[in-house]
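Architecture at a glance
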Amino acid sequence: MAKGKRSRTLSETENSAIKRKRPSGDNHIVDHQGEGETSTSALEVLKQAGLHLDVNNQPNELDVDPVIFQKTLSDNLRRHISYPDVVDEVISALSNHIEDPKRFCWSLMPTVELSDSELVSKKESHDSAVRLLLGVECLQAKLINLLLEKLPEISTQDDEYSVVEGQTINMARLIITQMRWLDRLVDSKQLIGKLDEILSVTPLEVQREIITCVPEILEDQDHPEIAKLLSELLNQSGELTVPILDSLTNLNIPPDLLSDIRQSVTNTLDSVELDDLPVIVKFLLQSVSKEDAPDVVQDLRMKLEFDPNFQDFSSQRSRRLSQTSRVDHSVKSRDSITLTLDTIKSTSRFQKIVADAWIKAIENANNRDNQKALDIVVMFILHGLPSKKKPVESLLRNKIRAGLFTGDLLMSTFSHHSQVLQEYFPSILALSEVLLRSAEMTISCFASAIYQQAFKAFDSYCQQEIIGSLVTHIGSGSDLEIDSSLDILSSLIHTNVDKMTTYAVFIKGVLDYLDNLSFGQIRKLYTMLSILAFASNQEGGLLQDDMHIIIRKQLSNNATKYKQMGIIGTIAIVKALNYGKESSDEPLNSDVYKQVINLLQLAQQCCSKMPEATALFMDETADVIKTSSIHPQVENWINENVTADFQDKFVIDVDAQPLPKDSPISLSLQYALDVDNEGAIGISILPLLLEHQQNATKTDSKSCSLMSLASHFRLLRTCELKQNNGRLEGIDALLGCSLIFCHDDVYSKLSSFSLSEKETVLNSLFIAINWFRELVSGFASQSDAEMKAKVIKRLQNIIDIQDILKSTLSCVPNYVPPVSTFDSVDSTLKVLAATVQPKGKGGKHKKKGESSKAVAADHACANDDTCIITQQCNNETIDKTQDLKKTQSKEEQQSVDLSTYQPYFRELDLDVFTILDTSSIIETSHDTEENTIGKETIKIEPPQLKFLLDDLARKLDHCLVPSISKKRSFLKVSLCCSTVQFDCLKIACFAIDTDRFITFYIPYLQIGKSTKNAGFSQIDQLSSKTVAGRILQFLPSLCQHLDEVTSFFQGLLDENDGVVDGPGTEAGEAQILSQCTQLILHIIATLLSWNGFLLVENRDLLRKALSVLSRRLQTKEILATQASVCDAVSDSFKHLEGFTDLVPHLSTGVALLKVMLSVASHGDKEDFAKQIVEFTEAILQRDWLDEDGQRGKGSKHNALIHSVIKIYLANSDDRMTILESLCTTGMAELLKIDHYTHSATYPTLTKNTYPIFYRSILTELVEVVKTISPPKKTSTEQEREDKLMQWGVAVRTFHILVNLVKVFDARVNISSILKCGRQFVDIFLRLGMPLLDTVFRHHKDEVQSLLKNLQLSTRALQHICGHLKIMKDVSLTNQVPIVKKCLETFVYRVKAMLNINKCLQAFWVGNLKNRNLQGEEILSQTTVQSNDEDSDSDDAETVLEEENSDVEMEDTSDKSEITSNHGNTDEDEYSEQF
């Protein structure tokens, strides 16, 4: 109605109406063309009230105010002599009047005032005639029925749309509009019924109009009834989904009914139209409550599929809009998926419960097959909300560590929803930047995958932002960020050269910061720039000139570091010349060839007086030639000008040049394999070193060239291989030639030599080892049996010289070996070597060493609970360890661990491991007349096998990233590898499993992050897929060696009548074979855990790997191409089960367990969980002995036990029962045995390993109770009882664990119970107390028992807090406030529960005295109480400021009578039993 007219008072309106002149009315006679007298009289009633219905094609006129009209008409009708029949007559007259469509249309149009009205100077419009009549209560109901009945008539005729004054009018919409926002509905029930009737007979468009206006027609009290009607209609017709949900959103619906409607709507998601999806999602998310939000979001996540079939069907227009999605554009212009995601974003932004529910739903999806593209998209959306950044980042990290987000999932998300995701590009970029900064390789590599997919999917603006972000990471100064960013840029260049050329100016800017990059990083940078400059067809000329200028400046610099940079840049340009070319026969452009040769000549000339630069030049050149990526013209020049002088520098004719006898160090020919050949040659090592010592002041000393000996030979044999199709017969004499070396008796007299002579001897040993390592790398791939035999002998020579080094290195403190890895900074290696201290220098030095080890262990374990436990446990046995060390022999004390010197040894090629496939070789010896005088069988012996396996394990740990991980802060060593370049960067789940690497990486804790890649430069240039493929070739040989080793231990077991730790198991050969077994299992586990197997493109590699293991079963031969992955997994697991009874040591058992887990991860883990639990339980129930025959202990032993316990608990079906069994059986047995030696059931549970068990059980208990969800409204009574029983077991177990601190009160145990105890109580408050609220009335005894047990535990926690004040441990005392706050919350929460159940009288609060762990009162914190102890006053007892509150509950078994307890507030301690 016209609101402005109501501003006048009623009296003023009436007066004006009286003065108004009425027209003659000739034009307003209604009785026309057969209309009856009744209609005329009825319409006269309307005319008398002031409404004149026009019969012509003109608007109806109103000569009074609308309010006056409605009041007058209502009064006239009620006073009419024929009331209420006159109402029917009026309705009938109206019906006749609106039979004419034009008159009906004008009846629905606004009325106007009469032209001669005195109120206004011109006509004003008012509500339509129909709406004015609807304001009359006696006419309303029947008029509504008349209007609604018109809807079907209009729909079946051609007059659904009318034309008035040139405008097309929707009659159905106009009719329904008359009923909107009426002041009062007379009969709403009748209206609802009529609407139901009309909806069943009207067409779809009319139904949409009616449903849309329902909230504006009906009043609030009618909303539940119409909501039921709409809900039924929703189930019947999917075409009305959008208007129905729009109406339901605006209705005031009771929660129960709304929940039913939501469930009904959720069930339609599977068959809903794509266009209706945004409205459905909006309704579901906007109507949720805090209690229903998790279930609604979980159902929505399961029903809303974002798989490849659910793509964005956007038009070209919407695609153009997506490219400018940074501009805020209209929702109507977005496609259905964009609207759906926008709905999720808006509801999450304005409803915290919705955002939390999404995070919880994604977090609860723990199955790899249950991960969805929607999860990733929603996390991108939520990360854009300021309050959800941290939770989303934490959740995404956990998903990546668990291996749940795969590379295929990420790739599918970006490839199928790129236009949708581009709208959230700022959030994607911000999240990628955060993840790339992570110290965990899994997370940084997932960020790399996001960068790559985003660059591929988004437009040029986004690509520029991505490049800028990566360049910013390079300038961050963090090695991890720099390596990851360079790897991403490298991958983008290799896959999108033309696109990346546009952004070359950004990458070129990194050249200004070369001083902050390592040589490996500089190599990547120069390689990328060289490709962009020489291999790209666009805009490469300017970049070529810039690179030539920079590289020439670096080569001309006198500093070795810059010369090395220039060498790396030179070789990168040489490599780029042939990049991407299918044929190498195409000649180079003469100008380019001249520029490259000039660069090579300049590099060769500038580094001629710097051995480090010369060696680097040769290593870099050899690597380029080996990968076949160098142009033949350039390769020929290198072969003619670089490798030709090898013989002149290092090789001598033994017969022609006798050994000098005046040498300060006696010389001899050593390690010769071709002793009977004429014209024998030798490598002059020691003479050149002595010459350098005598001419140390001369810069051009020839002895310096020994630093490039191995590098020069590497280049020589690489060129020989290329020119002779992989054959080395031309230089095979070098394999068997002797070394001019020191005599054997020199080592026993070394202590009498001068310092320089000692260093010369040690230098010769290192150079000899590196020479033999290069020989082995070069000739291992040769098929000739004689060469194979010599390679095996050279392996033994390496081992022998390493043994000599172990005993001689201690003679020269702070000795720095000659550098062998030339792409690392020399100063860094010197610092590392200087920190290595020789062992066994006496008691005081030993004590100092112990102190330094403790500091190093403390630093390495700063953030890891296991290491903290291990360190504190070891502190208790330091004295015993020192006493044991005093009994060691002098030789053992002087032995040095060579693992810290690993960066000084040359890297072995992957071809070396072809030796593993070598069977026994029979070598015959002949006399001068070629007669056979003897035969010798040569095969790989255990020491040689261990040497090869150890190197292979290090390589795999460096370059193959496992698919499942957790935080690796424990080791404090960056295990990140730069190998992860192309295929690895596509992976979404990478990790480092610290438990698996403990045995292998503890010796390397002293190696800093700057040397982490030392010794891996060659394998870093291979992709992880290439490395995995090569290792697959060695897998059959590894399995064969594993079978042979296990056969050896099976023989020992048979000889000892089944005694596992019988005689012979601790012998030297058995110990080496045990280590070989562990290394083989570790290699297999590392390979099978590679994250690349999660990609579909690598499934064939996985199938081949598993088939190798499955074929070891004699009962089933399966071809690799025929076996399915599931069958191969099953057979491989069965094969591994055969080794479980032949495990010699704990470390071997853990390695086997890791292999079994890796195999099971590629199938259904539940199928193998039982076998894994049985094996882990067997490990825990065996008394393991170390190499000395003593019970295992120490940090490594504890870490291995920790791994087994976690696997044991994680794979158990009933973890709660297992936890209770460990507490009531294992720990109870430990208490009963004198001196707490070990448990009878679990011998691995000792005093030393108790903290490991204790912390693991507590942590797992907290994780288990997190899974006990609070009851729902729909939960059955049986479900509530089951949850109550679970909480009862958990509380009993927790009570036992808390009380154990009284016996084992070490600091580490107190720290564990403080942290986990607070978490347990907090989870109980959130998940357990809501359950007790609902079951208290029916299970009072069970609830009381549970609360009393928990109360005893909280009281013990109070005593622990008091005990910490006596200890004055600052770090532990800092946890006391939050623990006490949690305990205080527990008190008030119990009170609230009793209040809910009308039992508040059973609750009373008392004050606890401060006591220590043993329950003794802390006297220093008590005060003298009032002398009037017997008084009946209500004054509270005087207590200290530190006193704590406690709660007691009366027995409420009798509901009819509950009494209040006002006993003594100083509670006695309860007796605590298990």
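All residue numbers here refer to positions counted from 1 along the written sequence of the relevant chain. The model is predicted, so local features are restricted to residues of pLDDT at least 70 and side-chain atom pairs to those at 80 or more, both for listing and for counting; the totals for chains, interfaces and linings are taken over all residues. The side-chain figures draw on all heavy atoms in the structure; neither hydrogens nor water molecules are used.

This brings us to the overall build of the protein. Scanning the protein from N- to C-terminus turns up 61 helices and 14 strands. For the exposure calls, accessible area comes from a 1.4 Å probe over protein chains only, and a residue counts as buried if that area is under 20% of its type's maximum, exposed if over 50%, partly exposed in between. Going through the 1474 residues of the protein one by one, you find that 55% of them count as buried. Contacts are assigned to residue pairs with any non-hydrogen atoms lying within 4.5 Å of each other. The long-range share in the protein, meaning contacts at least 24 apart out of those at least 6 apart in sequence, stands at 76%. Note on areas: Shrake-Rupley with a 1.4 Å probe; residue coverage comes only from the protein chains shown. Carbon and sulfur atoms make up 48% of the accessible area of the protein, which totals about 64300 Å². To qualify as a helix, a DSSP run of H or I must reach at least 4 residues; to qualify as a strand, a run of E must reach at least 2; elements of each kind are numbered from the N terminus.

When DSSP finds two or more bridges between a pair of strands, those strands are recorded as paired. Here strand S7 (residues 651-653) pairs with strand S9 (residues 681-684) via three bridges, running antiparallel. Within the sheet, the bridge partner assigned to Val651 lies in S9 and is Ile683. Two elements, S9 and strand S10 (residues 738-742), share three bridges in a ladder whose sense is parallel. By the bridge assignment, Gly682 is partnered in S10 with Ser738.

Turning our attention to a negative patch on the surface. Side chains of Asp369, Asp1164, Glu1166, Asp1167, Asp1213 and Asp1214 sit close together on the surface and give a patch of like negative charge. Looking at the secondary structure, you find Asp1213 in the loop between helix H54 (1195-1210) and helix H55 (1215-1232). Overall, the relative accessible area of 81% leaves Asp1213 in the exposed class. For patch detection, residues must exceed 30% relative accessible area and be free of salt bridges, and they are connected within 9 Å for like charges or within 5 Å for nonpolar side chains (Val, Leu, Ile, Met, Phe, Trp, Tyr). One side-chain nitrogen of Lys or Arg within 4 Å of one carboxyl oxygen of Asp or Glu is enough to make a salt bridge. Charge assignment: positive for Lys and Arg, negative for Asp and Glu; neither His nor the chain ends contribute. Positions of charges follow a simple convention, taking NZ of Lys, CZ of Arg, CG of Asp or CD of Glu.

Mapped onto the secondary structure, Gln1351 falls in helix H59 (residues 1340-1367). What makes Gln1351 buried here is its relative accessible area of 5%. Measuring from C-alpha to C-alpha, the distance between Gln1351 and Leu1383 comes to 9.4 Å, with 32 residues separating the pair along the chain.

Moving on to helix H51 (residues 1125-1137). Here the expected span of a helix is defined as 1.5 Å times the quantity of residues minus one. With 13 residues, H51 should cover 18 Å at 1.5 Å per step; its first-to-last C-alpha distance of 18 Å lies within 8% of that length. Taken residue by residue, H51 has Val1125, Ala1128, Val1129, Asp1131, Ser1132, Phe1133, His1135 and Leu1136 as its buried positions.

Along the chain, the position of His548 falls in helix H30 (residues 541-556). Note on His548: relative accessible area 9%, which makes it buried. With near-sequence residues (within four places) excluded, His548 lies in contact with Phe534, Gln595 and Leu599.

Before going further, it helps to examine the packing of helix H37 (residues 709-723) against helix H39 (residues 755-779). Angle between the axes and distance between the axes are the two parameters that describe a pair of packed helices. Each axis is a line fitted through C-alpha atoms, and for a helix only the stretch in contact is used; angles between axes span 0 to 180 degrees, taken between their N-to-C directions. At their nearest, the axes of H37 and H39 sit 9 Å apart, and the two run at 15° to each other. With respect to H39, the axis of H37 lies roughly parallel. The interaxial crossing formed by H37 with H39 has right-handed handedness. In contact with Leu709, Ala710, Phe713, Arg714 and Arg717 of H37, H39 contributes Ile767, Asn770, Trp771, Glu774, Leu775, Ser777, Gly778 and Phe779. Looking at the contact of H37 with H39, its residues break down into seven nonpolar, three polar and three charged. An angle counts as roughly parallel when it lies under 35 degrees, as roughly antiparallel when it exceeds 145, as roughly perpendicular when it falls between 65 and 115, and as oblique in every other case. Note on convention: near helix rotated counterclockwise from far helix by under a right angle means a left-handed crossing. Clockwise means right-handed. All amino acids are sorted into three groups, where Ala, Val, Leu, Ile, Met, Phe, Trp, Tyr, Cys and Pro are nonpolar, Asp, Glu, Lys and Arg are charged, and the leftover types, Gly among them, are polar.

On to helix H10 (residues 204-217). A rise of 1.5 Å per residue sets the reference length of H10, with its 14 residues, at 20 Å; its end C-alpha atoms lie 19 Å apart and thus fit the reference within 8%. Looking only at H10, the buried set comprises Val206, Gln207, Glu209, Ile210, Ile211, Cys213, Val214, Pro215 and Ile217.

Here we come to the confidence of the model for the protein. When pLDDT is averaged across the protein, the result is 77; 76% of the residues are at 70 or more. Per residue, pLDDT captures the predictor's confidence, and it can take any value from 0 to 100. Overall, residues 966-1011 carries pLDDT values under 50, and its contacts beyond four positions in sequence, including any with other chains, amount to 186 contacts.

The strands making up a sheet associate through hydrogen bonds between their backbones, and the pairing can be parallel or antiparallel. On the basis of which strands lie adjacent, the open sheet formed by four strands has the order S1-S2-S3-S4 and mixed pairing. Only two strands of the sheet have a single neighbouring strand rather than two, namely strand S1 (51-52) and strand S4 (125-128). One ladder, built from two bridges, connects strand S2 (residues 61-62) with strand S3 (residues 110-113); its direction is parallel. When the bridges of S3 are listed, Glu61 appears paired with Val112.

Remark: helix H46 (residues 942-959) packs on helix H49 (residues 1068-1088), axes separated minimally by 9 Å, with the N-to-C direction vectors making an angle of 30°. Taken together, the axis directions place H46 and H49 in an arrangement best described as roughly parallel. Relative to H49, H46 is oriented so that their crossing is left-handed. Residues Pro942, Pro943, Leu945, Lys946, Leu949, Asp950, Leu952, Ala953, Leu956 and Asp957 of H46 form the contact with H49, whose own contacting residues are Ile1072, Leu1073, Gln1075, Cys1076, Leu1079, Ile1080, His1082, Ile1083 and Thr1086. Split into classes, the residues belonging to the contact of H46 with H49 amount to 13 nonpolar, three polar and three charged.

Turning our attention to the pattern of salt bridges. The final tally for this structure, using the stated rule, is 45 salt bridges. In this structure, Arg717 engages Asp909 in a salt bridge whose closest nitrogen and oxygen atoms are separated by 3.0 Å. Of this pair, Arg717 sits in helix H37 while Asp909 sits in the loop between helix H45 (890-894) and strand S11 (921-926), and the two are 192 residues apart along the sequence. Look at Asp909 and you get buried, because its relative accessible area is 3%. Salt bridges sharing common partners tie together Asp619, Asp623, Lys626, Arg714, Arg717, Glu774, Arg906 and Asp909.

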